[in-house]
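Secondary and tertiary structure notes
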Amino acid sequence: MSRKSIDDRVMRDIADEWREISWVTSVSIRPSNKPNKVVVTLESDYYPAEVREVAVEFEVLVSGDFFVTYRERWERKEDDYQCRWDRHENDHNARDHFHEPPDRETAVDRDFPKYPFQMTELVLRFVERRRGTAFEESSAD
């Protein structure tokens, strides 16, 4: 699998979808530091004060494979939270699988929507739930 075969059309569609969300602060297609991705930065005011940065990154290949990463950067690195939805051939799981939070170490088989663009809705539902649980995990009073 060549990870250079990025589906630009799908990435533009994903970026356009995220730009419509009020709590998204920026959407970048192929930023210089991540040239194969769409990077979506979320408004950190929707998270506990200890959360410094929240982002979702999409990498979509013309094969239909994808990698979607959700990442929170907290003041204390040990509190960082991340997970990833993957569709690709591999030796560790089914083609569709989810690398669980908080550190992506454990992967579990999942069934994802047929088209990578449809992952936006699944990820948005996850982010909305996660915003609530982040406050439960916060040590701020």
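All values derive from a computational prediction rather than experimental measurement. (Residues numbered from 1 in each chain as written. Predicted model: local features only at pLDDT ≥ 70, side-chain atom pairs only at ≥ 80, totals over all residues. Heavy atoms only, no water.)

Examining the packing of aromatic side chains
- Per the stated rule, a full pass over the model turns up eight aromatic pairs.
- Aromatic side chains Trp85 and Phe98 sit 5.2 Å apart centroid to centroid with 50° between the ring planes, which places their arrangement in the tilted category. Placement of Trp85 in strand S5 (residues 81–87) and of Phe98 in strand S6 (residues 96–99) is noted, with a sequence separation of 13 residues between them. Exposure class is identical for Trp85 and Phe98. Each is buried.
- Here the aromatic cluster, defined as three or more aromatic residues joined through ring pairs, consists of Tyr70, Tyr81, Trp85, Phe98 and Phe126.
- One residue, Arg130, lies across the ring of Tyr81, its end atom 3.5 Å from the ring centre.
- Of note, Arg131 hangs over the ring of Trp23, and the distance from its end group to the ring centre comes to 4.3 Å. (Phe/Tyr/Trp six-rings, centres within 6.5 Å; stacked < 30°, edge-to-face > 60°. Helix = DSSP H or I, 4+ residues; strand = E, 2+ residues; numbered from the N terminus. Buried < 20%, exposed > 50% of the residue type's maximum accessible area, 1.4 Å probe, protein only. Lys NZ or Arg CZ within 6 Å of the ring centre and 35° of its normal.)

A word on the environment of Val54
- Its place among the elements puts Val54 in strand S3 (residues 51–60).
- Classification of Val54 as buried rests on a relative accessible area of 0%.
- The spatial distance from the C-alpha of Val54 to the C-alpha of Arg73 is 6.4 Å, given a sequence separation of 19 residues.
- Those residues in contact with Val54, other than ones at most four positions away along the chain, are Val40, Thr41, Leu42, Tyr47, Tyr70, Arg71 and Glu72. (Contact = heavy atoms within 4.5 Å.)

Quick look at the side chain of Glu72
- Here Glu72 lies in strand S4 (residues 66–74).
- A relative accessible area of 0% means that Glu72 is categorised as buried.
- Once you skip the residues sitting within four places of it in the chain, Glu72 turns out to touch Tyr47, Glu53, Val54, Asp80, Tyr81, Arg130 and Ala134.

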